[in-house]
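Listed below, chain by chain, are the residues.
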Amino acid sequence: MAKLNLNRVDMPRQDPKVRAHNFDEVALGYSPEQAKEEATRCIQCPKRPCIAGCPVDIDIPEFIKAMSAGDLPEAARVLKDRNALPAICGRVCPQETQCEATCSIGKKGAPIAIGRLERFVADWERDNMPADSQSVTLPPPTGKRVAVVGSGPAGLSAAAEVARLGHDVTVFEALHVAGGVLMYGIPEFRLPKAIVQAEVEYVSSLGVKIELDSVVGKMMTTDELLNEEGYDAVFLGTGAGLPMFMNVPGENLNGVYSANEFLTRVNLMKAYLFPQYDTPVSVGKRVAVIGGGNVAMDSARCALRLGADKVYIIYRRSEEEMPARREEAENAQEEGIEFKLLTNPKQFLGNDQNWVVGMECYQMELGEPDDSGRRRPVVKEGSEFNIDVDVVIVALGTTPNPLIAATTPGLDTTRWGTVVVTDEATGRTVKDRVWAGGDIVTGAATVISAMGAGKRAAADIDAFLRG
Amino acid sequence: MYKILQKQDLVPHVHLFKIDAPRVAQKVQPGQFIVLRIDEEGERIPLTVAGWDREEGSVTVVVMEVGTTTHRLGMLSTGDTITDFVGPLGVPTHIDNYGTVVCVAGGFAIAVIRPIARALKAAGNRVISIMGARSKDLLFWEEELRQASSELIINTDDGSYGRHGLVTEPLKELLEQGGIDRVIAIGPSIMMKFCAKTSEPFGVNTGVSLNPIMVDGTGMCGCCRVSVNGVTKFACVDGPDFDGHQVDWDLLLARQRSYLDEEKLSFDQWRAKHGV
Ligand SMILES: Cc1cc2nc3c(=O)[nH]c(=O)nc-3n(C[C@H](O)[C@H](O)[C@H](O)COP(=O)(O)OP(=O)(O)OC[C@H]3O[C@@H](n4cnc5c(N)ncnc54)[C@H](O)[C@@H]3O)c2cc1C
Ligand SMILES: Cc1cc2nc3c(=O)[nH]c(=O)nc-3n(C[C@H](O)[C@H](O)[C@H](O)COP(=O)(O)OP(=O)(O)OC[C@H]3O[C@@H](n4cnc5c(N)ncnc54)[C@H](O)[C@@H]3O)c2cc1C
Ligand code: FES
């Protein structure tokens, strides 16, 4: 056996000083040689613990083996067998807490860079394999019709699976493009929109119809889809799109955004190309982003790229408790974003034009652990201090938009507004012929967990439709 | 793609568009709005519905030119298409038999108050409509609004037609005479603010249709935050109708001015390009 190589191959990235001023992708991906070198680090251990770490059970050792053997079409086939959106997952999945966390080599050195390899194979396939060679043969139509509400990862994967099983699928999407958070939330420099649209086209190529500009609950209700429009089943994948605010004074000042609004303007409406694209966004010279998750990092890095001189991340706990992916927090710091930890806003300060000009903050300290097991941040009395800012982005999380629950009698919801499913393995709700999955069920989570939920529900919908 | 079935210039800088949108037409109610986008590079803008034909599958909006998007719309013609037309959005205006209702409309809102006045009248109300504009040449739909109402009062700021003065004057007189059970005011924010201020001392409930800047119009961004009775609301899903006596008008007016510099830049560039 070859000697164990404990160091992973670095993936080239844009220089921090350069990338802080553009929206091009930060991580550049492996070259074919680098990919092969990294793939050959895999020792093909018999236990294959990485598979258990993958929420959709990709046969990871198998695709890596094909890569080492130089058989990229086979690697792509193995990946796509389990994951319809590998180019996306390879970029945004938190591999460090999933497949890579359980990698055998990880016990001694750096785990295999599974995410980077996945990305490489998916990109190679998109560039090198003509679309028709990827086309799947669909089974004969069953004559059953399924409506999917929402076109985020949950909805897209549910739609793709249901269509591949021979059912007629229509996706209803409220926005003017399909993709959900992948389009409006995650920025271009982390997930190029052309990649998301290529995946959407793949789903369409399976015969799935996508109706944009269609707000279910307003244009038609779930019950109308089932009872008047002739759908046999409905899958709800509407995500968790309602932004939370802090309810502190000054939150409605001009220049105070929810992360959803800021990111939607920048990513979905392409405000970074204003005025060619006509939707504006306030750039700001000094920007404070409140929160410590991926959404906060994305907002901060967008603000920097739009031209802010100074961008702060304001987080009430310490770096250790930050929910953002470590890699993204590091990227942000490298680019020059300053983390103000153990800090929490008390109020936002405005001028006579209602524009935010500053923020009064508390210093925090960590107390006893709370329900989440993390130490609870508590206010240090008398620690107030001011920061000058002209744009604030509140990235404190989101909950499901109440529209679907309010217009779908018979659904069960929790006090956080999430929809209750009777069994996670099927995604069935308590309402007859209605399934749900993704962030609408779990609250804000991950792309891969939403996809997994969509796939599981699709299998159960199929079983139901076949009686 | 949504087709413009009919474009009509009502008065200078105010245009009517009848759009082919069967799904929206099926569901829309008075007081709701739509969000449209002209093309890939365009902004999403909200417009209140001015009419619909469920059989034909069409929805009518009336647009006043103020900036880039509304001017770009003004250059479109019958037969052209726009990429997006989403709706119906927002909560419909609450229609009930209140007794006597005064409907006040300023500028382009003459068009959007018509379906509301008509529904109120059909619900058994005596509807007194007041329509106002800066001058005679900006007034439209006099006959249409007269038919939708029990009585019609016309005002122009410069006295070139109807009564001379602001719409708040006849409103105040009616309130002083008594017997008014409800006021509904739609138009520019400043006009709605002063209608609400006028009716407040009389304790007559006054509904207004707020028009903060919006992006999605579905409750996803919070751009449309307004403060009503000290509580933050998302106008696109909690409204756009609110109790005018409880609205923080100064906040609304200030937030509407969030992008003045950017809007000017965009409009100047558009004008330069089109030699307007
Ligand atoms: C800024 C940001 C960064 C993130 N970064 C990562 C990351 O790096 N890695 C990761 O794994 N996860 C990340 N996430 C989380 C991840 O994106 C979500 O968990 C995932 O997108 C959830 O998928 P979903 O399909 O359930 O919902 P969504 O992606 O939210 O899609 C829901 C769709 O439904 C539509 N919809 C809503 N209501 C209606 C209605 N009434 N009618 C019709 N359509 C409707 C919405 O417009 C939307 O398109 C991030 C999230 C954000 C916001
Ligand atoms: C619920 C609602 C209903 C409306 N109904 C009508 C209607 O029936 N007819 C009509 O002519 N106008 C209506 N408006 C106003 C209309 O949306 C704005 O005039 C339009 O967006 C201006 O765009 P612009 O690019 O031409 O001008 P800009 O130069 O971009 O803006 C001019 C002013 O319009 C407002 N505005 C700008 N962008 C938006 C936006 N995305 N959303 C809301 N306001 C914005 C701002 O206060 C701004 O200062 C409505 C607004 C709302 C919120
Ligand atoms: S416009 Fe986005 S929440 Fe109202």
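Scroll up to find the structure this text is about.
Here we summarise the structure given alongside this text. The model shown is predicted, which means the values in this text are computed figures rather than measured ones. The residue numbers shown here count from 1 along each chain, following its written sequence. Here every chain gets a letter starting at A, and every ligand a number starting at 1, in the order they are written. Local features in this predicted model are restricted to residues of pLDDT 70 or higher, and side-chain atom pairs are both shown and tallied only at a pLDDT of 80 or more, whereas totals for entire chains, interfaces and linings draw on every residue. As a convention, hydrogens and water are excluded, and side-chain values are obtained from all of the structure's heavy atoms.

On to the interface of chain A and chain B. Taken together, the contact between chain A and chain B spans 43 residues of the former and 44 residues of the latter. By convention, the term buried area covers the 1.4 Å-probe accessible surface removed from two parts as they join, with the contributions of both added. In total, about 3,600 Å² of surface goes out of reach between chain A and chain B, with carbon and sulfur atoms giving 50% of it. Three residues, A:Lys218, A:Asn252 and A:Asp278, lead the burial of chain A against chain B; their summed loss comes to 19% of the area buried on that side. By salt bridge we mean one thing: a side-chain nitrogen of Lys or Arg within 4 Å of a carboxyl oxygen of Asp or Glu. On inspection of chain A and its partner chain B, the count reaches two salt bridges. Under the scheme used here, helices are H or I runs from DSSP no shorter than 4 residues and strands are E runs no shorter than 2 residues, and both carry numbers assigned from the N terminus. Those elements giving two or more residues to the side of chain A that touches chain B turn out to be strand S5 (242-243), strand S6 (256-258) and helix H14 (259-268) of chain A. Pairs of residues are marked as contacts when any of their non-hydrogen atoms sit within 4.5 Å.

All names here are of chain B. When you line up the elements, aspartate 39 lands in the loop between strand S3 (33-37) and strand S4 (45-53). For aspartate 39, the contacting residues outside a window of four places in its chain are Arg72 and Thr83. Side-chain atoms alone can form a polar contact between residues adjacent in sequence; in general such a contact is a pair of N or O atoms within 3.5 Å, and within protein one must be able to donate a hydrogen while the other accepts it. Only 2.5 Å separates the side chain of aspartate 39 from the side chain of arginine 72, close enough to count as a polar contact.

Moving on: the environment of A:Leu342. All names here are of chain A. Here leucine 342 shows up in the loop between strand S9 (338-340) and strand S10 (343-350). A C-alpha to C-alpha distance of 8.7 Å links leucine 342 and glutamate 319, two positions 23 residues apart in sequence. Residue contacts for leucine 342: discarding those within four places in its chain leaves Tyr315, Arg316, Arg317, Ser318, Tyr362, Gln363, Met364, Glu365 and Leu366.

Before going further, it helps to examine the nonpolar core. One finds A:Ile60, A:Phe63, A:Ile64, A:Met67, A:Ile88, A:Leu117 and A:Val121 to be the most contacted residues of the largest nonpolar core, which totals 82 residues. Counting residues per element, this core draws most heavily on helix H19 (residues 447-465) of chain A, which supplies eight residues. Ignoring any residue separated from it by four or fewer positions in sequence, one finds A:Ile64 in contact with A:Ala39, A:Cys42, A:Gln44, A:Ile112, A:Ile114 and A:Leu117. Definition of nonpolar core: a set of buried residues of the types Ala, Val, Leu, Ile, Met, Phe, Trp, Tyr and Cys, connected through side-chain atoms within 4.5 Å. Exposure categories follow from relative accessible area, calculated using a 1.4 Å probe and restricted to protein chains: below 20% of the type maximum is buried, above 50% is exposed, and the middle band is partly exposed. By size, the runner-up hydrophobic cluster in this structure holds 40 residues, among which are A:Ala147, B:Ile19, B:Val59 and B:Val61.

Turning our eyes to something else, we now look at the packing of H14(A) against helix H15 (residues 294-305) of chain A. All names here are of chain A. Fitted lines through C-alpha atoms serve as axes, helices being fitted only where they are in contact, and the angles separating the N-to-C directions of these axes extend from 0 to 180 degrees. Close contact between H14 and H15 brings their axes to 10 Å; oriented N to C, the two are set at 50 degrees. Considering their axes alone, H14 and H15 lie oblique with respect to each other. In this structure, H14 crosses over H15, and the sense of that crossing is left-handed. Touching Ala259, Phe262, Leu263, Val266 and Asn267 of H14 are Val295, Asp298, Ser299, Cys302 and Ala303, all from H15. In what follows, roughly perpendicular refers to angles from 65 to 115 degrees, roughly parallel to angles under 35, roughly antiparallel to angles over 145, and oblique to any angle outside these ranges. A clockwise turn of the near helix away from the far one marks a right-handed crossing, whereas an anticlockwise turn of less than a right angle marks a left-handed crossing.

Residues and elements named next belong to chain A. It suffices for a single heavy atom of a residue to lie within 4 Å of a molecule or strand for the residue to be listed as near it. Among the 35 residues in the neighbourhood of ligand 1, the closest are listed as Val92, Ala154, Glu173, Val216 and Asp439. Note that an oxygen atom of ligand 1 is positioned 3.0 Å from one of the backbone N or O atoms of valine 181. Each accessible area is a Shrake-Rupley result for a 1.4 Å probe, and residues are judged covered by the shown protein chains and nothing else. When isolated, ligand 1 has an accessible area of 1,000 Å², and the protein chains bury 93% of it. For the shell around ligand 1, the secondary-structure elements that each account for two or more residues are helix H10 (153-164), H15, helix H17 (403-407) and H19. It is H15 that provides the largest number of residues to the shell around ligand 1, a total of three residues. Its residues assigned to classes, the shell around ligand 1 comprises 19 nonpolar, 12 polar and four charged. Gly counts as polar in this scheme, as do all residues outside two lists: the nonpolar Ala, Val, Leu, Ile, Met, Phe, Trp, Tyr, Cys and Pro, and the charged Asp, Glu, Lys and Arg.

Everything listed is a geometric property; what it means functionally is a separate question.
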